[in-house]
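So you can see what is in the structure, the chains are spelled out below.
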Amino acid sequence: MHSDYFQPEKLIAVGPAAKVYRGVETATGRKVLIKALLADHEATHLLDRERLQMLAPSLMQIRHPQIAGLITLLPTEDEFALVYDFMPGISGRALPQEKKLTADDVRALAVQLMNALLVGEHLRQPHGDLKPSNLIITDHPGGGLFLQVQDWGLTLARAVPSPETLWFRAPELLQGGQSSSQSDLFTAASSLFFLASGAAPAQGNTPGEILADFITFDLRGSLAVMRPDMDQSFGEWLAWLLTAAPNQRPTSVAHALDALMRSMQTSFVYQPQHAPQMAAGAATGMLVAGSTARAMPRPAAPRPPSSSVPKARAPQPATTAAAATLPLTPAPKKKRLSPKIVFAIALNLGVLAGLVWFFSPLADQGGWRKWFSQMNDVVQASDQNAAKEEPKATATEGKGIKGRYIRIEMKGKGIISMAEVQVFSGTENIANQGTASQSTMLTDGAAERAIDGNTDGDSKNNSITQTHFNDKDPHWQLDLGHELSLNTIIIWNRTDKEENIERLKNFTVSVLDSQQKVVWEKQIDEVPKPSRKLMLGE
């Protein structure tokens, strides 16, 4: 498989094992999702490449509108990429901060998620790693919210799960058990609770801590406080799926789906829809309906079943096996960015020369990772924010010191959330030459976002770092690889909501040498609005 078959267009996420790009299939123009695996020294939770190649034939058989299908693998000796169906939308981890779902919204997503799991149950291939970040949610042109599950089966190629995986994992998996339909039901219910409330049922740094935290978790009481609008029958259904003992959960996904549908309007008829797509050639996220999608009337409000507690019973033929989406009122359309606006304003001759070079026949030389990196630079340069006036460092600013690490930290409980950290050597920002890390991560706020070249402080534009709210002594760190002469650091704060802006205060900025010895340090008490320039050596 040659790289000209698929071209990346924009970096949209950085995970613990891969960089994720929106791309295009050159022969058809359809949009695809490209996961380029990080090098072993860059990844925090590796995926076994040989194992992925063994799993690929069976994973490529999993097809359903609610599942992002694996199209192909692009392996080479040094690099490795997975290509999936692409559906524009928002990650389940970010959704609670952007929109409060109605009770009907959550029920609709539950129906769709159960239908996705039903496919895995029929093929005897459970997902194994359901969690909010593996759920993509969008508005469907035919009406309502549409959910799609990503990364099906990839947990089988990962030796060590990520912290987020542990928070949503079933107790039997935390104790070393194997994935099953029952464990998928548990993690599905955990994820649905997060979509409804913005909180995980249990948290901790180790499986033991998470299990202990889960023992004290009261789903019914939590829903009553956090979501009093949720009807009792749905809360009981979630609690049934979140039972600690797998043999006390539904006997199958079909069993759980049947109970869920029985608790809803009896006249409701399930109509499958195709996943929303971006039009071929589109540069922004405009959606088009699938070939058979059609608008449907909004159903009556769900009503509780005659018995509020689902009773375990022998599996029955699921009358809703073909289920899909509850049509709900579409959410307001999100603002779209036009990546061409800045071409005539902000791109200088050097960037234009880079564009010409990129699209030349030599673009695929140097391998997938180099190609992706070059494409990412082009996308960032064409972002609207490149036209904004930004403070520039000059050779005269700061006397300069030699350092390798830049560290930003808070003492005690807090959240470090930033848009960008620029580190200047002379007049050149060299931050993107280093490797970023942070103590924890929340809502897709990866550390790498602070060195992606984008100073946009709005979280909707996917360029914000964020540590977890339960983190004690949070920190963010940049490793430049070796000691360099540094003269200026500029820290860009968030700009979206006042409560988010105020998080970045009472923090310390340090420069350390190769032996991790502090060579320069400054305490920042005030909130950067929107940025704070630090001149080193003064």
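Residues numbered from 1 in each chain as written. Predicted model: local features only at pLDDT ≥ 70, side-chain atom pairs only at ≥ 80, totals over all residues. Heavy atoms only, no water.

Here we look at the overall build of the protein chain
The following threshold applies: Secondary structure elements follow DSSP: runs of H or I of four or more residues count as helices, runs of E of two or more count as strands, with numbering from the N terminus. Residue contacts are defined here by distance: any two heavy atoms, one from each residue, within 4.5 Å place the two residues in contact.
When its secondary structure is counted, the protein chain shows 13 helices and 19 strands. Restricting to contacts in the protein chain with at least 6 residues of sequence separation, those with at least 24 account for 72%.

A few points about unusual backbone geometry
At the junction of Lys529 and Pro530, the peptide bond is cis and its omega measures out at -5° in the coordinates. Within the fold, Pro530 resides in the loop between strand E18 (518-524) and strand E19 (531-535). Backbone geometry places Asp151, a non-glycine residue, at a positive phi of 60°. Considering the arrangement of structural elements, one finds Asp151 in the loop between strand E8 (145-149) and helix H4 (163-168). Despite not being glycine, Asn462 shows a phi value in the positive range, around 60°. Within the secondary structure, Asn462 is located in the loop between strand E14 (435-438) and strand E15 (475-486).

Describing the packing of helix H8 (residues 219-226) against helix H9 (residues 232-241)
Under the convention used in this document: Angles here are taken between N-to-C directions and fall from 0 to 180 degrees, while the axes themselves are lines fitted to C-alpha atoms, restricted in helices to the stretch in contact. Crossing chirality is assigned from the near helix's rotation relative to the far helix, an anticlockwise turn below a right angle marking it left-handed and a clockwise turn marking it right-handed. Just so you know the grouping, Ala, Val, Leu, Ile, Met, Phe, Trp, Tyr, Cys and Pro go in nonpolar, Asp, Glu, Lys and Arg go in charged, and all remaining residues, Gly too, go in polar.
For the pair H8 and H9, interaxial distance at closest approach is 9 Å and the crossing angle is 140°. H8 and H9 meet at a crossing whose hand is right-handed. Side by side, H8 and H9 meet where Leu219, Arg220 and Leu223 of the first sit next to Gly235, Glu236, Leu238 and Ala239 of the second. For the contact of H8 with H9, the residue count by class is 4 nonpolar, 1 polar and 2 charged.

Details of the sheet that holds strand E16 (residues 488-493)
To keep it simple, the criterion reads: Should DSSP find at least two bridges between two strands, the strands are taken to pair.
Within the open sheet, the 4 strands sit side by side as E13-E12-E16-E19. Their pairing is antiparallel. The open sheet is flanked by strand E13 (428-429) and E19, the only strands paired with a single partner. Across 2 bridges, the pairing between strand E12 (residues 418-425) and E13 is antiparallel. Among the inter-strand pairings, Phe424 is bridged to a residue of E13, identified as Asn429.

Quick notes on the nonpolar core
One recurring pattern in soluble globular proteins is that nonpolar side chains are buried together. Applied cut-off: Nonpolar cores are built from buried Ala, Val, Leu, Ile, Met, Phe, Trp, Tyr and Cys residues. Side-chain atoms within 4.5 Å join them into one set. Only protein chains enter the accessibility calculation, which uses a 1.4 Å probe. A residue is then buried if its area is under 20% of the maximum for its type, exposed if over 50%, and partly exposed in between.
Judged by nonpolar contacts, the single largest core of 81 residues is most densely connected at Leu82, Met114 and Trp237. The leading source of residues in this core is helix H3 (residues 103-123), at 11 residues. Those residues in contact with Leu82 that sit more than four places away from it in its chain are Leu33, Ile34, Lys35, Leu37, Leu52, Leu70, Thr72, Leu73 and Leu154. Core analysis: the next-biggest nonpolar cluster, separate from the first, contains 28 residues, Ile416, Met418, Trp476 and Leu534 among them.

Focus: helix H1 (residues 49-59)
As a reminder of what qualifies: Here the arc refers to the set of directions running from the helix axis out to each C-beta atom.
Among all positions in H1, only Arg49, Leu52, Leu55, Ala56 and Leu59 are buried. Seen from one end, H1 has its buried residues packed into an arc of 130°, which puts them on one side. H1 presents Glu50 and Met54 as exposed residues on the side facing more than 90 degrees away from its buried surface.

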